[in-house]
Amino acid sequence: DDDDCRLGLDMKEGLWVLRAKSSSSETDSQSCANLKEYEVQLSRKSLEMHDSVYTIFKGEGKSKSSRSPHETLSFTAATCGTHIQIIEEWKSTDLQHSSNSPIVIDGRLNLDGTKLEGFYFCKEDGSTGQISGNLEIPGKVSPPNCSKQLVKTEALLCQAVGHLA
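Residues numbered from 1 in each chain as written. Predicted model: local features only at pLDDT ≥ 70, side-chain atom pairs only at ≥ 80, totals over all residues. Heavy atoms only, no water.

**Q** When you look at the pattern of salt bridges in this model, what are you seeing that I'm missing?
**A** Between side chains of opposite charge, a pair can form as their charged atoms come close. Tallied over the entire structure, the rule returns two salt bridges. As a salt-bridge pair, Glu37 and Arg19 come within 3.0 Å of each other at their nearest N and O atoms. Here Arg19 lies in strand β1 (residues 14-22) and Glu37 lies in strand β2 (residues 37-45), a separation of 18 residues in the sequence. Across the salt bridge formed by Glu39 and Lys62, the nearest N and O atoms sit 3.9 Å from each other. Note that Glu39 is positioned in strand β2 and Lys62 in strand β3 (residues 55-63), a separation of 23 residues in sequence. The partly exposed category is assigned to Lys62, whose relative accessible area is 48%. (Salt bridge = Lys/Arg side-chain N within 4 Å of Asp/Glu carboxyl O. Helix = DSSP H or I, 4+ residues; strand = E, 2+ residues; numbered from the N terminus. Buried < 20%, exposed > 50% of the residue type's maximum accessible area, 1.4 Å probe, protein only.)

**Q** Explanation requested: the side chain of Ser127 in the structure shown.
**A** For Ser127, the location among the structural elements is in the loop between β7 (115-122) and β8 (128-138). Reaching out from Ser127, the side chain makes a polar contact with the side chain of Asp125 at a distance of 2.9 Å. (Polar contact = N/O pair within 3.5 Å; in protein donor to acceptor, adjacent residues only side chain to side chain.)

**Q** I tried to follow the nonpolar core on my own but got confused; where do I start?
**A** Within soluble globular proteins, side chains that are nonpolar tend to cluster in buried spots. By size, the foremost hydrophobic cluster in this structure holds 22 residues, and its most contacted members are Met11, Tyr38, Phe75, Leu116 and Ile131. Within the residue set of this core, elements represented by two or more residues are β1, β2, β4 (71-80), β5 (83-92), β6 (100-109), β7 and β8. (Core = buried A, V, L, I, M, F, W, Y, C linked by side-chain atoms within 4.5 Å.)

**Q** Explanation requested: the sheet that holds β5 in the structure shown.
**A** Taken in spatial order, the eight strands of this closed barrel run β1-β2-β3-β4-β5-β6-β7-β8, and their pairing is antiparallel. For this sheet the average axis-to-axis angle between neighbouring strands, irrespective of direction, equals 30 degrees. Of the pairings in the sheet, the one linking β6 to β7 comprises seven bridges and is antiparallel in character. When the sheet's bridge partners are listed, Gly107 is paired in β7 with Gly118. (Pairing = 2+ DSSP bridges. Axes fitted to C-alpha atoms, helices over the stretch in contact; angles between N-to-C directions.)

**Q** Help me understand the side chain of Glu39 in this model?
**A** A relative accessible area of 18% means that Glu39 is categorised as buried. Setting aside its immediate chain neighbours within four residues, Glu39 contacts Leu15, Trp16, Val17, Glu60, Gly61, Lys62 and Lys64. (Contact = heavy atoms within 4.5 Å.)

**Q** Is there a simple way to explain the pairing of β6 in this structure?
**A** A regular strand places its side chains on the two faces of the sheet in alternate fashion. Burial along β6 is one-sided: Ser101, Ile103, Ile105, Gly107 and Leu109 are buried, while Asn100, Pro102, Val104, Asp106 and Arg108, pointing the other way, are not. Pairing of β5 with β6, which is carried by nine bridges, proceeds in the antiparallel orientation. The residue bridging Ile86 from the neighbouring strand is Ile105, located in β6. Joining the antiparallel neighbours β6 and β7 is a turn of five residues, in which Gly113 adopts a positive phi near 75 degrees.

**Q** Explain the pairing of β3 to me, please; I cannot follow it from the model alone.
**A** Pairing of β2 with β3 involves eight bridges; the strand directions are antiparallel. Paired with Gln41 across the bridge in β3 is Glu60. Examined bridge by bridge, β3 and β4 share seven bridges and lie antiparallel to one another. For Glu60, the partnering residue across the bridge sits in β4 and is Ser74.

**Q** I keep staring at the confidence of the model for the protein chain and nothing clicks. Help me out?
**A** Caution applies to low-pLDDT regions: their predicted coordinates should not be interpreted in detail. Model confidence for the protein chain is summarised by a mean pLDDT of 78, while 70% of its residues fall at 70 or above. Averaged pLDDT values for the elements of the protein chain fall to 76 in helix α1 (residues 146-164) and rise to 93 in β7. (pLDDT = per-residue confidence, 0-100.)

**Q** Any chance you could explain the environment of Lys115 here in plain terms?
**A** Topologically, Lys115 is positioned in strand β7. Considered as a pair, Lys115 and Gly133 are 18 residues apart in the sequence and their alpha carbons are 5.6 Å apart. Contacts of Lys115, omitting those with residues within four sequence positions, involve Trp16, Arg108, Leu109, Asn110, Gly133 and Asn134.

Shown next as structure tokens:
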């Protein structure tokens, strides 16, 4: 059942700091492998499908290290329980160097939704590496959706009583 992958957990909204470590030994190139540390302000986006098991997050970000000051980050993440998939797109605002650098990240969140670890793949140059991140400044706290969890708990208790009878 797809609902079981949710576990009642979600990634937390707020300011995230992500750190990328390239698998390649070539760190002097102006490629995706040059990523080191950047921050992203994430917020939850609602889906049209109310019964979806995925939670979508969108955000904007900027580099804290060696990226060009003329680049901005567009960030879209989908979570299901502790599994997270992210598409990052670095866009240059410099008219002389117009480029997009899409990066795909596949990873896992910790149980409280405040840390992530995973691997990235850069489509521009084929580089790969590890990525980790943590929530630095929490955003707004949304009330938990308890009704679904209550129904699951009630069903589990009814099954337990049925087995005891």
